[in-house]
Amino acid sequence: MSILAERGQVRPATPVPAQPRPVRVLRGRRGEVHRPPTRARFVAGRRPAGAPCAAPRRVPVRWPWLAALAVASCLVITGLGLLSGGVPGAPVPERTATVSVEQGDTLASLAARFAPDSDPGAVVTRIKELNRLDQAVLVPGLSLAVPVADPAAVPAP
């Protein structure tokens, strides 16, 4: 017993008599295993009429739909790439200026400084064409012809 029950502070619990369970009346055949009402009765050796045979169900072929979906997604991605990549920036400026190369300059930095709105790759190609450069090695003090978008951006010699 607990300490509280010994001191008289709590009444001991009285057991509640168990209620008798109602008797289930079995319907149908005696000794038959109970089954859910949605399950058909199965007798060994016989199949009910209209029952499917034991052959596995054939899964419908879905690969044509998957192939069509893959082709459609490739076409959409290609179309978006052509639309976004096909719009070039401003053209390479026609006006040129002679610029002296400084320490740490590269063709890309010259292209970004003197033609900021144009495509840097196209401007670098144009600088190589104008100056007949095969390599991108620049020596400080070298004079280069550079396409210029704004003549005011060119420093005075």
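Note: the structure precedes this text.
Calculation criteria
- Residues numbered from 1 in each chain as written.
- Predicted model: local features only at pLDDT ≥ 70, side-chain atom pairs only at ≥ 80, totals over all residues.
- Heavy atoms only, no water.
- Helix = DSSP H or I, 4+ residues; strand = E, 2+ residues; numbered from the N terminus.
- Buried < 20%, exposed > 50% of the residue type's maximum accessible area, 1.4 Å probe, protein only.
- Contact = heavy atoms within 4.5 Å.
- Areas by Shrake-Rupley, 256 points an atom, 1.4 Å probe, with all protein chains shown as cover.
- Arc of directions from axis to C-beta.
- Patch = residues over 30% accessible without salt bridge, like charges linked within 9 Å, V, L, I, M, F, W, Y side chains within 5 Å.
- Salt bridge = Lys/Arg side-chain N within 4 Å of Asp/Glu carboxyl O.
- Pairing = 2+ DSSP bridges.
- Core = buried A, V, L, I, M, F, W, Y, C linked by side-chain atoms within 4.5 Å.
- Polar contact = N/O pair within 3.5 Å; in protein donor to acceptor, adjacent residues only side chain to side chain.

Per the secondary structure count, the chain includes 4 helices and 2 strands. Helices and strands appear in the chain in the N-to-C order α-α-β-α-α-β. In the chain, which comprises 157 residues, the proportion classed as buried is 14%. Relative to all contacts within the chain whose residues are 6 or more apart in sequence, the contacts with residues 24 or more apart total 66%. If you sum the accessible surface of the chain, you get close to 13800 Å²; carbon and sulfur atoms cover 60% of it.

Even without being glycine, Arg 132 reaches a positive phi, approximately 55 degrees. Take Arg 132: it is sitting in the loop between helix H4 (120–131) and strand S2 (143–147).

Given 3.6 residues per turn, any residue in an α-helix points the same way as the ones three and four places further on. Listed in full, the buried residues belonging to helix H3 (residues 107–114) are Leu 107, Leu 110, Ala 111 and Phe 114. Looking down the long axis of H3, one finds its buried residues gathered within 100 degrees of arc, a one-sided arrangement.

Side chains of Val 76, Leu 80 and Leu 83 sit close together on the surface and give an oily, nonpolar patch of about 330 Å² of accessible area. Structurally, Leu 80 is set in helix H2 (residues 63–85).

The final tally for this structure, using the stated rule, is 2 salt bridges. Measuring nitrogen to oxygen at the nearest pair gives 2.8 Å for the salt bridge that ties Asp 105 to Arg 113. For Arg 113, a relative accessible area of 37% puts it in the partly exposed group. Between Arg 126 and Glu 129 there is a salt bridge, and its shortest N-O distance comes to 3.7 Å. Of this pair, Arg 126 and Glu 129 both sit in helix H4, 3 residues apart, which is roughly one turn of the helix. For Arg 126, a relative accessible area of 26% gives the class partly exposed.

Glancing now at the pairing of strand S1 (residues 96–100). A one-sided burial pattern is seen for S1, the buried positions being Ala 97 and Val 99 and the unburied ones Thr 96, Thr 98 and Ser 100. Here S1 runs beside S2; their pairing, made up of 5 bridges, is antiparallel. Among the inter-strand pairings, Ala 97 is bridged to a residue of S2, identified as Val 146.

Glancing now at the nonpolar core. Formed by 16 residues in total, the largest nonpolar core has its most connected members in Leu 107, Phe 114, Leu 138, Leu 144 and Val 146. Secondary structure elements with two or more residues in this core: S1, H3, H4 and S2. Here this core gets 4 residues from one element, more than from any other, and that element is H3.

This part covers the side chain of Asp 105. Mapped onto the fold, Asp 105 is located in the loop between S1 and H3. A polar side-chain atom of Asp 105 sits 3.0 Å from the main-chain amide nitrogen of Glu 102. Within the local environment of Asp 105, its side chain forms a polar contact with the side chain of Arg 113, the two groups lying 2.8 Å apart. Not counting chain neighbours up to four residues away, the residues in contact with Asp 105 comprise Leu 110, Arg 113 and Leu 138.

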